[in-house]
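# Structural overview for review
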Amino acid sequence: MEWTQALKQEVADFLLGAELEKREVEKITSRYPDLPIEVAYDIQQLLIARKEQSGERVIGLKLGLTSRAKQQMMGVHEAIYGYLTDDMLALEWEPTPYDRYIHPKAEPEIAFMIGEDLKGTNVTAADVMRVTSHVAPAIEIIDSRYENFRFTLPDVVADNCSSTKFVVGNTWVAVDAMDLALTGVVMSKNGVVATTGSGAAVLGHPAEAVAWAVNKLGERGLGLKKGQIILSGALTEAIPFVAGDNVHVQISGMGSVTFVCR
Ligand code: OOG
Ligand code: MG
């Protein structure tokens, strides 16, 4: 079949509609089983363009499915990237209402603050570390628009990688002060430990994951910009939460961050 611009736009608007109306929809590949991954990234770009038209601003990038735990949980074997907008940024201690979500889950992440533009197709983890000014602990809230949180790789890419909210801790640490692979993480819900992991869970080193995304963007002539925030991917599996829950993520050497849902 032919993926015309009009069809890509239709799919982008379908997913945006699901997000706005907070309802689950059938995955795209049920109707279009041959959706190529590159077309899925085109749809994602159109979806982000719509958000920009409605006043949202792109402030960074997120990686997804970078750890074996997440890949096994979702039944896929490749990493993905999507965009973060200003509308997705929640402040720590500022509770977000549960009714803005469909079926949300929380993930512990490392946020990279990018201090210089970075673009290319041979970018290494060392390049990423060089342009990263600081890192901080973060919590990403994912909320797939698909029924039962089930999808294939092209589905989740088109859906901007399930993104909906994120919170970044307020202690930013110089990146050269950290061994990001050995860094340990503990995620708790309502004071009870839920998952544990380490930086090495993310493609061996979180900066490797970011380098992977920069090279993928490079194939499209895109790159990272100074001032952007990059979430390098969940360090453990995601946990569901409900109204009234709080999620706390502690990362050794980086302090902690809390997300509150009301
Ligand atoms: C896709 C997004 C995964 C991560 O950090 O691995 C993600 C999903 O699991 O719905 O954000
Ligand atoms: Mg994530």
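Presented here is a report on the structure given in the accompanying data block. Everything quoted here is computed from the prediction, not taken from an experiment.

### Side note on the coordination of the magnesium ion (ligand 2)
- The magnesium ion (ligand 2) binds to the protein through Glu107 (OE), Glu109 (OE) and Glu140 (OE), with metal-donor distances spanning 2.0 to 2.1 Å.
- Mapped onto the polypeptide sequence, the residues donating to the magnesium ion (ligand 2) form the spacing pattern E-x1-E-x30-E. Of this pair, glutamate 109 sits in strand 4 (residues 105–114) while glutamate 140 sits in strand 5 (residues 132–142), and the two are 31 residues apart along the sequence. The pair formed by glutamate 109 and glutamate 140 is uniform in burial state, with each residue classed as buried.

### Section: the pattern of salt bridges
- This model, assessed by the stated rule, comprises 11 salt bridges.
- The residue lysine 8 makes a salt bridge to aspartate 42 at a minimum N-O spacing of 2.9 Å. A residue pair is termed long-range when its members are at least 10 positions apart, and lysine 8 in helix 1 (residues 5–21) and aspartate 42 in helix 3 (residues 37–53) qualify at 34 residues.
- Among the residues examined, aspartate 42 registers a relative accessible area of 24% and is labelled partly exposed.
- Across the pair glutamate 21 and arginine 23 runs a salt bridge, and its minimum N-O distance is 2.6 Å.
- Judged by relative accessible area, arginine 23 falls into the partly exposed class, the value being 35%.
- In this structure, a network of salt bridges that share partners links the residues Lys8, Glu38, Asp42 and Arg220.

### Quick notes on the site of ligand 1
- The immediate surroundings of ligand 1 are formed by 17 residues, with Lys62, Leu65, Lys70, Ser162 and Ala234 found nearest.
- With respect to ligand 1, the side chain of lysine 62 contributes an N or O atom lying 2.8 Å from an oxygen atom.
- One nitrogen or oxygen atom from the side chain of serine 162 is found 2.6 Å from an oxygen atom belonging to ligand 1.
- In the complex, 100% of the free accessible area of ligand 1, which totals 320 Å², lies under the protein chains.
- Secondary-structure elements contributing two or more residues to the shell around ligand 1 are strand 1 (58–64), helix 4 (68–74), strand 4 and strand 5.
- For the shell around ligand 1, the leading source of residues is strand 1, giving three residues.

### Notes on the sheet that holds strand 13 (residues 255–260)
- With antiparallel pairing, four strands are arranged side by side in an open sheet as 9-8-12-13. Each having just a single partner strand, strand 9 (192–198) and strand 13 make up the two edges of the open sheet. The mean angle between the axes of side-by-side strands here comes to 15°, regardless of whether they run parallel or antiparallel.
- Strand direction decides the pairing type here: strand 8 (residues 184–189) and strand 9, joined by six bridges, are antiparallel. Opposite glycine 184, over in strand 9, you have serine 198 as the bridge partner.

### Overview of the packing of aromatic side chains
- Under the defined criterion, the tally for this structure stands at seven aromatic pairs.
- Ring centres 6.4 Å apart and planes at 85° place the aromatic pair tyrosine 81 and tyrosine 83 in the edge-to-face group.
- Judged by relative accessible area, which is 1%, tyrosine 81 ranks as buried.
- A relative accessible area of 10% means that tyrosine 83 is categorised as buried.
- Residues phenylalanine 149 and phenylalanine 151 carry aromatic rings whose centres are separated by 6.5 Å and whose planes lie at 50° to one another, so their mutual orientation is tilted.
- With relative accessibility at 11%, the residue phenylalanine 151 sits in the buried group.

Definitions and cut-offs
Residues numbered from 1 in each chain as written. Chains lettered and ligands numbered in written order. Predicted model: local features only at pLDDT ≥ 70, side-chain atom pairs only at ≥ 80, totals over all residues. Heavy atoms only, no water. Donors = N, O, S within 2.8 Å, 3.2 Å for Na, K, Ca; no water. Helix = DSSP H or I, 4+ residues; strand = E, 2+ residues; numbered from the N terminus. Buried < 20%, exposed > 50% of the residue type's maximum accessible area, 1.4 Å probe, protein only. Salt bridge = Lys/Arg side-chain N within 4 Å of Asp/Glu carboxyl O. Near = heavy atom within 4 Å. Polar contact = N/O pair within 3.5 Å; in protein donor to acceptor, adjacent residues only side chain to side chain. Areas by Shrake-Rupley, 256 points an atom, 1.4 Å probe, with all protein chains shown as cover. Pairing = 2+ DSSP bridges. Axes fitted to C-alpha atoms, helices over the stretch in contact; angles between N-to-C directions. Phe/Tyr/Trp six-rings, centres within 6.5 Å; stacked < 30°, edge-to-face > 60°.

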